Amino acid sequence: MAMPGHAPTPLSVALIGTGGIAHAHARACREVDGVELVAAVDVSRDALERFGDAWNLPPTARFCDVGAMADASRPDIAIIATWGIAHASTGIALARSGKVRAILCEKPFTMDAAEAVALVDACRGSHVLIAEAFKFRHHPAHLAMRARVDAGVIGEVRTIRNAFCQSIDAAQRHPDANWRWDRARGGGSIYDLACYGIHQARFVARAEPLRVHATCRRAMAGPGGEHRTVDVGATISLEFPGDVLATVVVAHDSWHAHDAEVGGTHGTLRLENPWNNEDREVVLVERTRGAETRTTFAPTFQFADQLRHLAECLRHGTAHRIPPEDSIAQMRVIDATFASMATRLPVDVEPSGGDWR
């Protein structure tokens with residue numbers, strides 16, 4: 001935090017990718033003190049111009065090439081908001097350029113654990129701070145839930161359950177209209193939705209799952225063949241050390257369901273709308289031995305909370321809430337999820353060797 005009467009050290013930000021989520025990151029740049037959006041990159045000139053006009057970026061700050069942007073702008077922070085398929089290659093190029101100090105990479109971090117290792121190695125080799133953009137990890141309600149679990153308020157954790165379901169309009173259910181229906185660009189419910197639930201379960205359990213058993217519902221996304229087949233819904237079971245069990249339910253073609261619950265030996269903790277809750281109150285419900293306590297958290301903009309935390313880490317050299325080892329471990333769980341979906345059998349998760357914060 002900046003000292004009273006002292007402005008924080010200014011930091012510049014470049015956005016890579018100008019799709020829908022980029023506008024939320026741009027708003028965060030406006031709302032976080034000492035942070036300024038100085039450049040944007042997109043392979044589509046039309047998309048780039050629309051974004052630049054919306055956020056008043058001068059023509060000289062609009063680029064169709066990441067390398068050209070890095071040469072011209074040398075931003076402190078680069079935010080990768082492209083399709084998931086390009087996260088690793090874009091991040092590695094930025095790190096090796098030596099012209100950025102930190103990278104915030106949208107979820108999913110990469111397409112698999114091997115890519116995650118390559119991205120993290122590139123950042124470490126260039127002394128670049130790298131963090132995955134799980135905005136919910138910065139929301140006070142999620143931090144409070146974990147703090148109450150750690151304090152033993154509900155006893156020993158036995159179960160973790162969460163859901164993230166949304167019904168995308170039928171007219172949008174094909175790759176030309178929506179990248180989520182295009183496996184070739186990193187679409188599907190696992191990469192887009194289940195990543196939240198998997199990460200939340202790992203965060204609450206303070207551990208990595210030992211094995212995964214996942215089933216899914218698939219849909220042909222247009223006439224492109226097998227590579228266009230996407231998982232539009234899934235149920236994922238995670239087995240953690242200590243007999244802690246977690247269930248993650250996701251869907252792109254099911255009615256709205258956003259919730260997360262932790263069950264313990266003495267009570268439960270439940271969050272309604274734990275994911276897409278920008279600018280809305282969030283309620284944490286605690287039930288123990290017949291008593292119920294409801295804690296209301298004021299509306300917050302998680303993208304700003306996320307950027308503020310990264311900026312403070314960069315200014316003060318402190319550790320980020322989501323270290324790169326966490327993102328590698330996350331992708332190992334997602335790898336096991338896909339393997340289980342393919343075989344319809346439980347799959348052991350490759351050990352990560354890391355410790356949870």
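Heads up: the structure comes first, above all this text.
To start, this report covers the structure provided alongside it. (Residues numbered from 1 in each chain as written. Predicted model: local features only at pLDDT ≥ 70, side-chain atom pairs only at ≥ 80, totals over all residues. Heavy atoms only, no water.)

## Some words on the packing of aromatic side chains
Under the criterion given, the structure shown has nine aromatic pairs. Measuring from ring centre to ring centre gives 5.8 Å for F134 and F136, while their planes differ by 65 degrees; the resulting arrangement is edge-to-face. Residue class for F136 comes out buried when judged on its relative accessible area of 0%. Relative to W275, the ring of F136 has its centre 5.4 Å away and its plane inclined at 85 degrees; by these criteria the two rings are edge-to-face. You can see F136 sitting in the loop between β6 (129-133) and α6 (140-150) and its partner W275 sitting in the loop between β12 (267-272) and β13 (282-288), a full 139 residues away along the chain. A relative accessible area of 0% places W275 in the buried class. Through successive ring pairs, a cluster of aromatic residues spans F134, F136, F164, Y196 and W275. Between R27 and the ring centre of F301, over which it is positioned, the NZ or CZ distance is 3.7 Å. Lying over the aromatic face of W83, R185 brings its terminal NZ or CZ to 4.6 Å of the ring centre. (Phe/Tyr/Trp six-rings, centres within 6.5 Å; stacked < 30°, edge-to-face > 60°. Buried < 20%, exposed > 50% of the residue type's maximum accessible area, 1.4 Å probe, protein only. Helix = DSSP H or I, 4+ residues; strand = E, 2+ residues; numbered from the N terminus. Lys NZ or Arg CZ within 6 Å of the ring centre and 35° of its normal.)

## As for the packing of helix α5 (residues 113-125) against helix α9 (residues 324-343)
At their nearest, the axes of α5 and α9 sit 8 Å apart, and the two run at 165 degrees to each other. For the element pair α5 / α9, the angle class is roughly antiparallel. Here α5 and α9 pass one another in a crossing that is right-handed. On α9, the residues touching A113, A116, V117, V120 and R124 of α5 are P324, E325, S327, I328, M331, R332 and D335. Here the residues of the contact of α5 with α9 sort into seven nonpolar, one polar and four charged. (Axes fitted to C-alpha atoms, helices over the stretch in contact; angles between N-to-C directions. Parallel < 35°, antiparallel > 145°, perpendicular 65-115°, else oblique. Left-handed = near helix turned anticlockwise from the far one by under 90°. Contact = heavy atoms within 4.5 Å. Nonpolar A, V, L, I, M, F, W, Y, C, P; charged D, E, K, R; others polar.)

## Thoughts on the pattern of salt bridges
Here the structure, examined in full by the defined rule, presents 30 salt bridges. The salt bridge partner of K107 is D192, with a shortest N-O separation of 2.9 Å. Note that K107 is positioned in the loop between β5 (102-106) and α5 and D192 in helix α7 (residues 189-205), a separation of 85 residues in sequence. Relative accessible area serves as the criterion here: at 11%, K107 is assigned to the buried category. (Salt bridge = Lys/Arg side-chain N within 4 Å of Asp/Glu carboxyl O.)

## Overview of unusual backbone geometry
Here the residue pair K107 and P108 is connected by a cis peptide bond, since its omega of -10 degrees sits within 30 degrees of zero. Positionally, P108 belongs in the loop between β5 and α5. The phi torsion at R344 lies on the positive side, around 65 degrees, for a residue other than glycine.

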